[in-house]
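Take a look at the letters that make up each chain.
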Amino acid sequence: EPEVTQTPSHQVTQMGQEVILRCVPISNHLYFYWYRQILGQKVEFLVSFYNNEISEKSEIFDDQFSVERPDGSNFTLKIRSTKLEDSAMYFCASNTGTYEQYFGPGTRLTVT
Amino acid sequence: AQSVTQPDIHITVSEGASLELRCNYSYGATPYLFWYVQSPGQGLQLLLKYFSGDTLVQGIKGFEAEFKRSQSSFNLRKPSVHWSDAAEYFCAVGDPSGTASKLTFGTGTRLQVTL
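Residues numbered from 1 in each chain as written. Chains lettered and ligands numbered in written order. Predicted model: local features only at pLDDT ≥ 70, side-chain atom pairs only at ≥ 80, totals over all residues. Heavy atoms only, no water.

1. Observations regarding the side chain of Lys78(B)
Residue and element names in this part refer to chain B.
In step 1: Note that lysine 78 resides in strand β9 (residues 73–78).
In step 2: The exposure class of lysine 78 is buried, given its relative accessible area of 10%.
In step 3: In this structure lysine 78 touches Ala17, Ser18, Leu19, Lys61, Gly62, Phe63 and Asp85, once residues within four positions along its chain are discounted. (Helix = DSSP H or I, 4+ residues; strand = E, 2+ residues; numbered from the N terminus. Buried < 20%, exposed > 50% of the residue type's maximum accessible area, 1.4 Å probe, protein only. Contact = heavy atoms within 4.5 Å.)

See below:
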């Protein structure tokens, strides 16, 4: 069964550094999403992406964040200058536009 | 704005006992409704979904949920819990009026199963 994959599974970075989180969505999906979950809290929407542009973003998704689909398979989330409060589990998801979203296993980002 | 409330932060049940996890939503119409499960250190796995039609939906692992429009609820049930069901359960809503719509999650209910 096709699945969403994410790399790395765990990323440790120093405050102020740039990080790129990578996702490979399910191949026939056209809509892509990033969510984050701070430890012990609920899953929060960050951004949705379709046809090479952002469809919707939350207030969390400020100028420090960007997304890109650099090729036909990858979908990336970049954080330009990480802060301590960016430490969280980041989930990528994809779907065909409606109906259920399929989530990857997540990348745990630890900012020190 | 849509919102989801899961009033129970933590529930403990004995193995073999029945389970009901509560979920209430706030939305102008009938949203898409989902239950996801997250085992420790794992991602989110879809248990079941409701879009329209029969208000009692069946999911994986023996779970079911019932949509009650009058109560704005979508409670998750299982008749007999197994120790492997211990996990965090999230209810989520999606907006059916648009494509690429975000999911809004509740705060989750942590299920503990005692032997």
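Okay, back to it.
2. Digging into the nonpolar core
In step 1: Ranked by size, the top nonpolar core spans 26 residues in total, and within it Leu19(B), Trp35(B), Leu47(B), Leu48(B), Phe74(B), Leu76(B) and Tyr89(B) carry the most contacts.
In step 2: Listing elements by their share of this core, those giving two or more residues are β2 (10–14), β3 (19–21), β5 (32–38), β6 (45–50), β8 (64–68), β9, β10 (87–94) and β12 (109–114) of chain B.
In step 3: Core analysis: the second largest hydrophobic core is formed by 22 residues, Phe65(A), Ile79(A), Leu109(A) and Val111(A) among them. (Core = buried A, V, L, I, M, F, W, Y, C linked by side-chain atoms within 4.5 Å.)

3. Observations concerning the pattern of salt bridges
In step 1: For the structure shown, the criterion picks out 8 salt bridges over all chains.
In step 2: Between Lys102(B) and Glu56(A) there is a salt bridge, with the nearest N and O atoms lying 3.7 Å from each other. Pair noted here: Lys102(B) is in the loop between β10 and β11 (103–105) and Glu56(A) is in strand β6 (residues 53–57), and the two residues belong to different chains.
In step 3: On the accessibility criterion, Lys102(B) (28% relative accessible area) is partly exposed.
In step 4: Its salt-bridge partner being Lys49(B), residue Glu100(A) comes within 3.4 Å of it at the nearest N-O pair. Taken together, the positions of Glu100(A) in the loop between β9 (88–95) and β10 (102–103) and Lys49(B) in strand β6 put the pair across two chains.
In step 5: When its relative accessible area of 33% is taken as the criterion, Lys49(B) is described as partly exposed. (Salt bridge = Lys/Arg side-chain N within 4 Å of Asp/Glu carboxyl O.)

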